[in-house]
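In case you want the letters, here they are:
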Amino acid sequence: MDSIDEFDLREAERRLALCDEYRDAIRVFNYYVETELRAYLCNSVEVEPVPVSGGVYFKVMLADAWIYEAERPQRFVPEVIIYEVGPVHVQRVRAEDEMV
């Protein structure tokens, strides 16, 4: 196996591990938040539109967050503040007892 195949294999394994971690993590969070660059799970979210000349940006504050990013060594963080000029999608994740 050459080094490119080994690199691709390691990358695929890392992404599969991240997907498995996401499946486990989503059970304990209230919200799924998506920006242009990243996805997050969190227990509290506030989105504040900030008008500026020529448009608006969003200040997004998350508490008790999990960051969906494979390269990140620490994905669980107590607080995240995001400044986003693009769309911010917030979805309430159904709790297990709400599922049919």
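Every residue gets a number counted from 1 within its own chain, in the order that chain's sequence is written. The predicted nature of this model means local features are confined to residues of pLDDT at least 70 and side-chain atom pairs, given and counted, to a pLDDT of 80 or more, with totals for whole chains, interfaces and linings taken over all residues. Hydrogens and water molecules were not included; the side-chain quantities draw on all heavy atoms of the structure.

Looking at the pairing of strand β1 (residues 31–34)
Then comes step 1: Note: β1 against strand β2 (residues 39–52), four bridges, orientation antiparallel. Each residue of the ladder has a partner; that of Tyr-32, found in β2, is Leu-41.
Then comes step 2: From the end of β1 to the start of β2, which pair antiparallel, there are four residues.
Then comes step 3: Where β1 meets strand β5 (residues 89–92), four bridges bridge the pair, whose relative direction is antiparallel. Looking at the pairing, Tyr-31 lines up with Arg-92 of β5. Whether two strands pair depends on DSSP finding at least two bridges between them. Here a strand is any run of E in DSSP of at least two residues, a helix any run of H or I of at least four, and the numbering for each starts at the N terminus.

Here's the deal with the sheet that holds β2
Through backbone hydrogen bonds, the strands of a sheet pair up, either in parallel or in antiparallel fashion.
Then comes step 1: The strand order β4-β3-β2-β1-β5 describes an open sheet built from five strands, whose pairing is antiparallel. Strands with a single pairing partner mark the edges of an open sheet, and in this sheet they are β4 (76–84) and β5. The average undirected angle you get between the axes of adjacent strands in this sheet is 25 degrees. In this description, a line fitted to the C-alpha atoms serves as the axis of each element, helices being fitted only across the stretch in contact, and the angle between N-to-C directions of two axes falls anywhere from 0 to 180 degrees.

So, the nonpolar core
Then comes step 1: Within this scheme, the nonpolar core is defined by two criteria: the residues are buried Ala, Val, Leu, Ile, Met, Phe, Trp, Tyr or Cys, and they are joined through side-chain atoms within 4.5 Å. Categorising residues by exposure relies on relative accessible area from a 1.4 Å probe, with only protein chains included: less than 20% of the type maximum marks a residue as buried, more than 50% marks it as exposed, and the intermediate range marks it as partly exposed. Core analysis: the largest hydrophobic core is formed by twelve residues, namely Val-33, Tyr-40, Cys-42, Val-45, Val-60, Leu-62, Ala-65, Ile-67, Val-77, Val-80, Ile-82 and Val-88.
Then comes step 2: Only β2, β3 (55–68) and β4 provide two or more residues apiece to this core.
Then comes step 3: The contact rule is simple, with two residues in contact once any of their heavy atoms fall within 4.5 Å. What Ile-82 contacts, discounting residues up to four positions off in sequence, is Thr-35, Tyr-40, Phe-58, Lys-59, Val-60 and Leu-62.
Then comes step 4: Among the nonpolar cores identified, the runner-up in size contains nine residues, and Leu-18, Ala-25, Ala-39 and Trp-66 belong to it.

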